[in-house]
Each structure stands twice: as structure tokens, then as C-alpha cells.
Amino acid sequence: MLQRIQTLYLLLAAIVSGVLPIYLPYGIDQQGIELYVIGEFFLMGMFFGSVILSLITIFLFKNRQLQFVLGRINILLNFILLGVFVYWSLTVSGETHVSEKGIGMIIPVISIVLLVMANKAIKRDENLVKSVDRLR
């Protein structure tokens, strides 16, 4: 059932992970040039993987268990992405890569919140179906 609230959360997570990194810089280097995800293959792959997982999860509405597991994998992927951003922001002392933090570093946090809300809604649906099955 595509009209459930978790579909909206997963779609928003896909949009946040797919569109915002293109327009929001994740940092500023030593010369003052804004750094975008487009220039980093690893980051682009991680964000693209998050988008693909969110879209696949939307269309697995008949298999709520798999939907829940894919949501957790997507949350883990976003935590890894957040860890990469935190690592880069903490290694600023040597001025190696990122000189200042950008607003794009909070994108994984927004995505994690949306995915957790989607998983809660999926779990609620699963519990509702189990309770109805007990009545039969």
C-alpha cells in the first residue's frame, strides 16, 4: 500500500539524500572554494546508495520484514556517511582537505531521522497485521 505514511518518509529521505548534496556544500577548503559531493566519488556513491535503498524499500510494501531490514541498512549507511563527515571535520588541524564545515554535513542526520520515523511506521503496521491475524 503506497499510501502509507512510511512511503512519505522514505520518499523524503530519498529526496534529501539525492537532491540536497548537489546544492549544499559539505565544506570549504583552504582557498575558500566550496566543496560539493559531486567532486567526491565515494560520497556520491554513498548518497546514491541511500537513495536507491529508500526507493527499493518503498516498493517492498508487501514484505514489511524486508522493508524494515532495508530501512535499518539504510540507517547504517547514513551513519557511516555521517562518520566520514565527522572524521573529515575533526582532521581540520592539518588543513588537509576541509578547512571549514558546510551545511551539507547535516544531510545524513536529516535522512537518519526520516528513516527512523519510517521504520517506526513500518513496525506499527506489522504489529497491526499481527494483532488482526490473532483475531482470526
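As the structure is a prediction and not an experimental result, all values here were calculated from the model.

Rules used throughout
- Residues numbered from 1 in each chain as written.
- Predicted model: local features only at pLDDT ≥ 70, side-chain atom pairs only at ≥ 80, totals over all residues.
- Heavy atoms only, no water.
- Salt bridge = Lys/Arg side-chain N within 4 Å of Asp/Glu carboxyl O.
- Helix = DSSP H or I, 4+ residues; strand = E, 2+ residues; numbered from the N terminus.
- Buried < 20%, exposed > 50% of the residue type's maximum accessible area, 1.4 Å probe, protein only.
- Phe/Tyr/Trp six-rings, centres within 6.5 Å; stacked < 30°, edge-to-face > 60°.
- Lys NZ or Arg CZ within 6 Å of the ring centre and 35° of its normal.
- Patch = residues over 30% accessible without salt bridge, like charges linked within 9 Å, V, L, I, M, F, W, Y side chains within 5 Å.
- Areas by Shrake-Rupley, 256 points an atom, 1.4 Å probe, with all protein chains shown as cover.
- Axes fitted to C-alpha atoms, helices over the stretch in contact; angles between N-to-C directions.
- Parallel < 35°, antiparallel > 145°, perpendicular 65-115°, else oblique.
- Left-handed = near helix turned anticlockwise from the far one by under 90°.
- Contact = heavy atoms within 4.5 Å.
- Nonpolar A, V, L, I, M, F, W, Y, C, P; charged D, E, K, R; others polar.

A. Seen up close, the pattern of salt bridges. What the rule picks out here adds up to two salt bridges. Here E126 and R64 are joined by a salt bridge, their closest N and O atoms 2.8 Å apart. On the criterion of sequence distance, the pair formed by E126 in helix α4 (residues 107-135) and R64 in helix α3 (residues 64-90) is long-range, its members being 62 residues apart. By relative accessible area, E126 is classed as buried at 12%.

B. Expanded view of the packing of aromatic side chains. One pass over the full model with this rule turns up two aromatic pairs. A ring pair is formed by F47 and F85, whose centres lie 6.3 Å apart and whose planes are at 40 degrees; its orientation type is tilted. Note that F47 is positioned in helix α2 (residues 41-58) and F85 in helix α3, a separation of 38 residues in sequence. You'll find F47 and F85 in the same group, each marked buried. One aromatic cluster is present, formed by Y26, F47 and F85 through successive ring pairs. One Lys or Arg, K123, reaches over the ring of F68 and ends 5.7 Å from the middle of that ring.

C. Structural view of a nonpolar patch on the surface. Among the surface-exposed residues, I5, L8, L11, L12, I15, V19, I22, Y23, I38, M44 and L55 lie close enough to one another that they form a single nonpolar patch of about 930 Å² accessible area. Only α1 (5-23) and α2 provide two or more residues apiece to the nonpolar patch. Looking at the nonpolar patch, the element that brings in the most residues is α1, giving eight residues. Here I38 falls in the exposed class, since its relative accessible area comes to 54%.

D. How the structure looks around the packing of α1 against α2. Interaxial distance between α1 and α2 falls to 9 Å at its minimum, and their mutual angle equals 160 degrees. As summarised for this structure, α1 and α2 are arranged roughly antiparallel, according to the angle between their axes. Regarding α1 and α2, the two cross each other, and that crossing is left-handed. On the side of α1, the interface is formed by T7, L10, L11, A13, A14, S17, G18 and P21, while α2 contributes F47, S50, V51, S54, L55, T57 and I58. Residues that form the contact of α1 with α2 fall into these classes: nine nonpolar, six polar and no charged.

Scope: geometric values only; no functional claims are made or implied.
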